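Close look at the chain arrangement
Listed below, chain by chain, are the residues.
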Amino acid sequence: MADIIDITLLADVRRFFQKLIEQRGLSYFLQKDGPRLFQIEPSKVELVLRTAVRTRNPELPAPHEKAIEHCRLELRRELIRRVASAMLQTGL
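A brief structural summary. (Residues numbered from 1 in each chain as written. Predicted model: local features only at pLDDT ≥ 70, side-chain atom pairs only at ≥ 80, totals over all residues. Heavy atoms only, no water.)

1. Side note on the nonpolar core
The test is simple: Think of a nonpolar core as a cluster: buried Ala, Val, Leu, Ile, Met, Phe, Trp, Tyr and Cys residues, connected wherever their side-chain atoms sit within 4.5 Å. A 1.4 Å probe rolled over the protein chains alone gives each residue an accessible area, and that area as a share of the maximum for its type sets the label: buried under 20%, exposed over 50%, partly exposed in between. Each helix corresponds to a stretch of at least 4 residues labelled H or I by DSSP, and each strand to a stretch of at least 2 residues labelled E; elements are numbered beginning at the N terminus. Two residues qualify as a contact provided that any one of their heavy atoms is within 4.5 Å of a heavy atom in the partner residue.
Counting residues in each nonpolar core, the largest one holds 20 residues, and the members touching the most others are V13, F17, F29 and V48. Broken down by secondary-structure element, the contributors of at least two residues to this core are α1 (7-24), α2 (42-54) and α3 (65-90). The element contributing the most residues to this core is α1, with seven residues. When residues no more than four places from it in sequence are discounted, the contact partners of F17 are F29, V48, L75, E78, L79 and R82.

Structure follows, in structure tokens:
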């Protein structure tokens, strides 16, 4: 079975993510407490997804669960890439 990818949802998720990164920075998406220094905060990822789903045109059907999961994975990949890049820049 082919994966279901909603391109408009993915574009909305990327747009909201970019706005948050520009306004709040990468540290907004990372956990403040805990043993792991650069752990991604799952609630912040869900916040971006919920915002993108909520702001969709009401005439469009609700996004498929696999499409939401794909967006979640793409967002996490981008965060991991940015965290790794930031770690390399600081010399960790």
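2. What about the pattern of salt bridges?
The condition is simple: By definition, a salt bridge exists where a carboxyl oxygen of Asp or Glu is found within 4 Å of a side-chain nitrogen of Lys or Arg.
Counting across every chain of the model gives seven salt bridges. Residue E69 pairs with R72 through a salt bridge whose shortest N-O separation is 2.5 Å. Taken together, the residues E69 and R72, both in helix α3 and three residues apart, mark about one turn of the helix. Given a relative accessible area of 33%, E69 falls into the partly exposed group. For R72, a relative accessible area of 17% translates into the label buried. Across the salt bridge formed by E78 and R81, the nearest N and O atoms sit 2.6 Å from each other. Taken together, the residues span about one helical turn, with E78 and R81 both in helix α3 at a distance of three residues. Taking relative accessible area as the criterion, R81 reaches 48% and is therefore assigned partly exposed. Residues participating in the shared-partner salt-bridge network are R14, E74 and R77.

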